[in-house]
Amino acid sequence: MNIEYVKSKSKILLECISGSRAYGLDLPTSDTDIKGVFALSKKDFYGLTYTDQVNNETNDTVFYELKRFIELLVKNNPNLLDLLSSPEDCILFKDPLMNLIKPEMFLSRLCKTTFGEYAMTQIKKAKGLNKKISNPIEKERKSVLDFCFVAKDQGAISLKDWLVEKGYDQSKCGLVKVAHMNDIYALFYDLDNVFKFNGVIHKESANEVVLSSVPKGIQPEGILSFNRNGYSVYCKEYKEYWDWVDKRNNERYENTVAHGKNYDAKNMMHVFRLLDMAEEIALYKRVIVRRQNREHLLSIRKGNFMYEDLVKQAEEKIDRIHEIYEKSDLPDAPDLNRAENLLVAMRESLYS
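Remember, predicted model here, so these are calculated numbers, not experimental data. Residue positions are given per chain, counted from 1 along the sequence in the order it is written. Two thresholds apply to this predicted model, a pLDDT of at least 70 for residue-level local features and 80 or more for giving and counting side-chain atom pairs, whereas whole-chain, interface and lining totals are computed over all residues. Calculated side-chain values reflect all of the structure's heavy atoms, with hydrogen atoms and water omitted.

Structural notes on the side chain of Asp-276
Right, on to step 1. By definition, any uninterrupted DSSP run of H or I lasting at least four residues is a helix, any uninterrupted run of E lasting at least two residues is a strand, and each is numbered from the N terminus. When you line up the elements, Asp-276 lands in helix H10 (residues 265-284).
Right, on to step 2. Relative accessible area decides the class of each residue, using a 1.4 Å probe on protein chains only: under 20% of the type maximum gives buried, over 50% gives exposed, and in between gives partly exposed. For Asp-276, a relative accessible area of 14% translates into the label buried.
Right, on to step 3. One polar contact links Asp-276 to Asn-293, side chain to side chain, over a distance of 3.1 Å.
Right, on to step 4. We call two residues in contact whenever any of their non-hydrogen atoms come within 4.5 Å of each other. In this view, Asp-276 contacts Arg-291, Asn-293 and Lys-317; residues no more than four positions away in its chain are not counted. Distance and chemistry together define a polar contact, namely a pair of N or O atoms within 3.5 Å, with one atom able to donate a hydrogen and the other to accept it when in protein, and with adjacent residues in sequence counting only for side-chain atoms on both sides.

Regarding unusual backbone geometry
Right, on to step 1. Here the phi dihedral of Asp-153 falls at roughly 55 degrees; this positive angle occurs in a residue that is not glycine.
Right, on to step 2. Checked against the element boundaries, Asp-153 lands in the loop between strand E6 (148-152) and strand E7 (155-158).
Right, on to step 3. In the Ramachandran plot, Lys-196 falls in the positive-phi region, its phi being about 55 degrees despite a non-glycine side chain.

Focus on the packing of helix H4 (residues 66-74) against helix H13 (residues 336-351)
Right, on to step 1. The axes are straight lines fitted to the C-alpha atoms, using for helices just the contacting stretch, and the angles between their N-to-C directions are given from 0 to 180°. Orientation of H4 relative to H13, taken along the N-to-C sense of each, is 165 degrees, at an axis distance of 11 Å. One finds that H4 runs roughly antiparallel with respect to H13. As H4 runs across H13, the sense of the crossing is right-handed. On H13, the residues touching Leu-66, Lys-67, Ile-70 and Val-74 of H4 are Leu-336, Ala-339, Leu-342, Leu-343, Met-346, Arg-347 and Leu-350.
Right, on to step 2. Note on residue classes: Ala, Val, Leu, Ile, Met, Phe, Trp, Tyr, Cys and Pro are nonpolar, Asp, Glu, Lys and Arg are charged, and everything else, Gly too, is polar. In terms of residue class, the contact of H4 with H13 is built from nine nonpolar, no polar and two charged. What sets the label is the angle itself: under 35 degrees gives roughly parallel, over 145 gives roughly antiparallel, 65 to 115 gives roughly perpendicular, and the rest give oblique. Should the near helix be turned anticlockwise from the far one by less than a right angle, the crossing is left-handed, and should it be turned clockwise, the crossing is right-handed.

Thoughts on the sheet that holds strand E8 (residues 173-177)
Right, on to step 1. As summarised here, the arrangement of the five strands in space is E7-E6-E10-E9-E8, forming an open sheet in which the pairing is antiparallel. With one partner strand each, in any of the chains shown, E7 and E8 form the two edges of the open sheet. The mean angle between the axes of side-by-side strands here comes to 40 degrees, regardless of whether they run parallel or antiparallel.
Right, on to step 2. Direction of pairing for E6 relative to strand E10 (residues 222-226): antiparallel, over a ladder of three bridges. Along E10, the bridge assignment pairs Val-150 with Leu-224.
Right, on to step 3. Seen against the sheet, helix H7 (residues 159-166) touches E6, E7, E8, strand E9 (184-189) and E10 and runs at an angle of roughly 80 degrees to E7. A pair of strands is treated as paired once DSSP finds two or more bridges between them.

A word on the state of the cysteines
Right, on to step 1. Cysteine sulfurs are considered disulfide-paired once they come within 2.5 Å of each other. If you walk through the whole model with that rule in mind, you get zero disulfides.
Right, on to step 2. The thiol of Cys-90 is not disulfide-bonded; the next cysteine sulfur, from Cys-16, is found 7.5 Å away.
Right, on to step 3. Among the residues examined, Cys-90 registers a relative accessible area of 3% and is labelled buried.
Right, on to step 4. This cysteine, Cys-235, is not joined by any disulfide, and Cys-148 carries the nearest cysteine sulfur, 12 Å off.

Considerations on a negative patch on the surface
Right, on to step 1. Residues enter patches when they are more than 30% accessible in relative terms and free of salt bridges; like-charged ones are connected within 9 Å and nonpolar ones (Val, Leu, Ile, Met, Phe, Trp, Tyr) within 5 Å. Shrake-Rupley sampling with a 1.4 Å probe provides the accessible areas, and residues are treated as covered by the protein chains on show and by no other component. Counted as salt bridges are all cases of a side-chain nitrogen of Lys or Arg within 4 Å of a carboxyl oxygen of Asp or Glu. Note on charges: Lys and Arg go in the positive column, Asp and Glu in the negative column, and His and the chain ends are not counted at all. Throughout, a charge is located at the NZ atom of Lys, the CZ atom of Arg, the CG atom of Asp or the CD atom of Glu. A cluster of acidic side chains, namely Glu-315, Glu-316, Asp-319 and Glu-323, defines a negative patch on the protein surface.
Right, on to step 2. Residue position: Glu-316 is located in helix H12 (residues 307-327).
Right, on to step 3. Given the relative accessible area of 44%, Glu-316 is considered partly exposed.

Structural notes on the pattern of salt bridges
Right, on to step 1. For the structure on display, the rule yields 20 salt bridges.
Right, on to step 2. In this structure, Arg-290 engages Asp-89 in a salt bridge whose closest nitrogen and oxygen atoms are separated by 3.0 Å. Of the two residues, Arg-290 sits in the loop between H10 and helix H11 (294-301) while Asp-89 sits in the loop between helix H5 (78-84) and strand E5 (91-94), which places them 201 residues apart along the sequence.
Right, on to step 3. For Lys-160, the salt bridge goes to Asp-146, with nearest N and O atoms at 3.0 Å. You can see Lys-160 sitting in helix H7 and its partner Asp-146 sitting in the loop between helix H6 (110-134) and E6, a full 14 residues away along the chain.
Right, on to step 4. On the basis of relative accessible area, Lys-160 is assigned to the partly exposed category, the value being 37%.
Right, on to step 5. Owing to a relative accessible area of 26%, Asp-146 belongs among the partly exposed residues under this scheme.
Right, on to step 6. Put simply, Asp-276, Glu-279, Lys-317 and Arg-320 are held in one network by salt bridges that share partners.

Topic: the sheet that holds E5
Right, on to step 1. Across the sheet, which stays open at both edges, the five strands sit in the order E3-E4-E2-E1-E5 with mixed pairing between neighbours. One side of each edge strand has no neighbouring strand; the edge strands of this open sheet are strand E3 (53-55) and E5. On average, adjacent strands in this sheet sit at an angle of 15 degrees to one another, irrespective of strand direction.
Right, on to step 2. Across three bridges, the pairing between strand E1 (residues 11-18) and E5 is antiparallel. Residue pairing in the sheet places Glu-15 in a bridge with Phe-93 of E5.

Spelled out as structure tokens, the structure:
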């Protein structure tokens, strides 16, 4: 089921412009995001397959089925509370039935967690980008050989350096595991390739060292250690980094590099938007989508502040939000029975 099917076969209840244009934080290059609510036809709803939401390929357009919409409102999902409270100039279509759903029916102390935790994930994303930009990983992937070391004097040198010193070829090496010692091997060398040792690795893409059958009486050339944990961490970070490079939004990345602060400034802007909204919900019992401090938030997006200063400010705001919610008379959570009765009443009206 896709958006085209939903629009032709289901009942559209709400369709709104969302995201930066709804927040009043859009720029000339901003995309237009659309969110909405639909109710499955009676046949589809009572049929074998329930579809809770549909979206386009870029996720710029998302529609939630009525039941899923109510479920997420009960959980105080920030995106759905935003949708329900869309500014008038962002509402493209609204069925009169949607007037039964009031934002204040769902606002609760859970907003402290949902908006606050969402904000913290944005901080982590911004920090993660900082790490990736500050610590780029070479495209040429390291091999197991880069994580092998050979004992020398009272220390150790890399296997690659040891091979160069000796004038040896790794393919003529043979490894035998040293009993009772994790990832420690006796290292043998077959100069004339008589014993046909397997080498340290079979091929560059190998993820393990390889063992060889070594005749008794041959003395090892040295002791080799394979830093297995270091190799595993490297492989994970390598994949994460180059997956990020492949998928990153180049416009946002170039903006991040241009402002020189090495964090995702757009994510940090949304941190403060979310924290401001969480505070307003406790103080005014309203979801204010259109931001009044547009210039300040956009200055954060431009990278006009140091990352550490923004994190400190965000932490101070979170502490203040905790205090405000402690004093607030908001319910601990939305009334589940009331939400369920509302959903049933709307469904009956749709299918009567």
